[in-house]
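Topology and contacts: notes
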Amino acid sequence: MLAAASFGTDSEAYADASNQMVGAFSSVGQVADAMAASRDAIRIYTVLFGDHDLRVLNEKANLAARLAATGKVDEATKMFDDLLTAYDTMPLHGDGEVAEQPVAIILIPDAQRL
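To keep things clear, this report deals only with the structure shown in the data block. Remember, predicted model here, so these are calculated numbers, not experimental data. (Residues numbered from 1 in each chain as written. Predicted model: local features only at pLDDT ≥ 70, side-chain atom pairs only at ≥ 80, totals over all residues. Heavy atoms only, no water.)

**Quick word on the overall build of the protein chain**
Rules: The way it works is that DSSP assigns letters per residue, a run of H or I at least four long becomes a helix, a run of E at least two long becomes a strand, and they are numbered from the N terminus. Working rule for contacts: check all heavy atoms of both residues, and any pair within 4.5 Å makes them a contact. Computed with the Shrake-Rupley method and a 1.4 Å probe, the accessible areas treat only the protein chains shown as cover for residues.
A tally of helices and strands in the protein chain yields 5 helices and 0 strands. Overall, the protein chain shows an N-to-C arrangement of helices and strands of α-α-α-α-α. In the protein chain, once contacts between residues fewer than 6 apart in sequence are set aside, the share between residues at least 24 apart is 50%. For the protein chain, the accessible area works out to roughly 7000 Å², and carbon and sulfur atoms hold 56% of it.

**Topic: a nonpolar patch on the surface**
Definition in use: Surface patches are drawn from residues lacking salt bridges whose relative accessible area is over 30%; two like charges belong together within 9 Å, two nonpolar side chains (Val, Leu, Ile, Met, Phe, Trp, Tyr) within 5 Å. Salt bridges are counted wherever a side-chain nitrogen of Lys or Arg sits within 4 Å of a carboxyl oxygen of Asp or Glu. Under the scheme applied here, a residue whose accessible area is under 20% of the maximum for its type counts as buried, over 50% as exposed, and between as partly exposed, the area being computed with a 1.4 Å probe on protein chains only.
A cluster of nonpolar side chains, contributed by Val47, Leu48 and Phe49, occupies part of the molecular surface with about 270 Å² of accessible area. Residue position: Phe49 is located in helix H3 (residues 31-49). Residue class for Phe49 comes out partly exposed when judged on its relative accessible area of 32%.

**Side note on the nonpolar core**
Formally: For our purposes a nonpolar core is just a set of buried Ala, Val, Leu, Ile, Met, Phe, Trp, Tyr and Cys residues, chained together by side-chain atoms within 4.5 Å.
Counting residues in hydrophobic clusters, the biggest one holds 20 residues, and the most contacted among them are Leu63 and Leu67. Looking at this core, the elements that each hand over two or more residues are helix H2 (12-27), H3, helix H4 (54-69) and helix H5 (73-89). With 7 residues, the top contributor of residues to this core is H4. In contact with Leu67, not counting residues within four places along its chain, are Met35, Arg39, Lys72, Val73, Glu75, Ala76 and Met79.

**Focus on the packing of H4 against H5**
Rule in force here: Note on method: axes are straight lines fitted to C-alpha atoms, helices fitted across the in-contact stretch only, with angles between N-to-C directions ranging 0 to 180 degrees. Roughly parallel means an angle under 35 degrees; roughly antiparallel means over 145; roughly perpendicular covers 65 to 115; every other angle is labelled oblique. By convention, the crossing between two helices is left-handed when the near helix turns anticlockwise from the far helix through less than a right angle, and right-handed when the turn is clockwise. Gly falls in the polar group here, along with every residue not listed as nonpolar (Ala, Val, Leu, Ile, Met, Phe, Trp, Tyr, Cys, Pro) or charged (Asp, Glu, Lys, Arg).
Two elements in contact, H4 and H5, have axes separated by 8 Å at closest approach and are oriented at 155°. Put simply, H4 runs roughly antiparallel to H5. The way H4 lies across H5 gives a crossing that is left-handed. When H4 is examined against H5, the residues Leu54, Leu57, Asn58, Lys60, Ala61, Leu63, Ala64, Ala65, Leu67 and Ala68 are found in contact with a partner set consisting of Val73, Glu75, Ala76, Met79, Phe80, Leu83, Ala86 and Tyr87. Tallied by class, the residues present in the contact of H4 with H5 amount to 15 nonpolar, 1 polar and 2 charged.

**Remarks on the pattern of salt bridges**
This structure, assessed with the given rule, holds 4 salt bridges. As a salt-bridge pair, Asp53 and Arg55 come within 2.8 Å of each other at their nearest N and O atoms. Overall, Arg55 belongs to the partly exposed group, its relative accessible area being 33%. Across the pair Lys78 and Asp82 runs a salt bridge, and its minimum N-O distance is 2.9 Å. Pair noted here: Lys78 and Asp82 are both in helix H5, with a separation of 4 residues, about one helical turn.

**Here we look at the packing of H2 against H4**
Here H2 crosses H4 at 25°, and the two axes come no closer than 12 Å. Here H2 is positioned roughly parallel relative to H4, judged by the angle of their axes. The two elements H2 and H4 meet at a crossing, and its hand is left-handed. Residue-level inspection shows Glu12, Asn19, Val22 and Ser26 of H2 in contact with H4, the latter providing Arg55, Glu59 and Arg66. Taken together, the residues of the contact of H2 with H4 break down into 1 nonpolar, 2 polar and 4 charged.

See below:
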């Protein structure tokens, strides 16, 4: 991959490229490759920015949705629980007013199984 050769596999550029590949892999039915790219992005973003960074949380939400859709319900459930805890402990920023935080909305088929 060009990003790996140019920037190394632990760089933000590589994580961004991996994140972009998730959608490409998914669109052609390569879900395992999409999840591997997602895990790469999560690993790198976590090292670079911390586990409460929105890039990490959004990518974890995307991965959890793919896990649930592919029948890996136990791993998806744990990831969703971790996400809820992370969002609950996320500091609000602002001047005393309610701060706006981006929120990922995830639709999961057969969600009652979670």
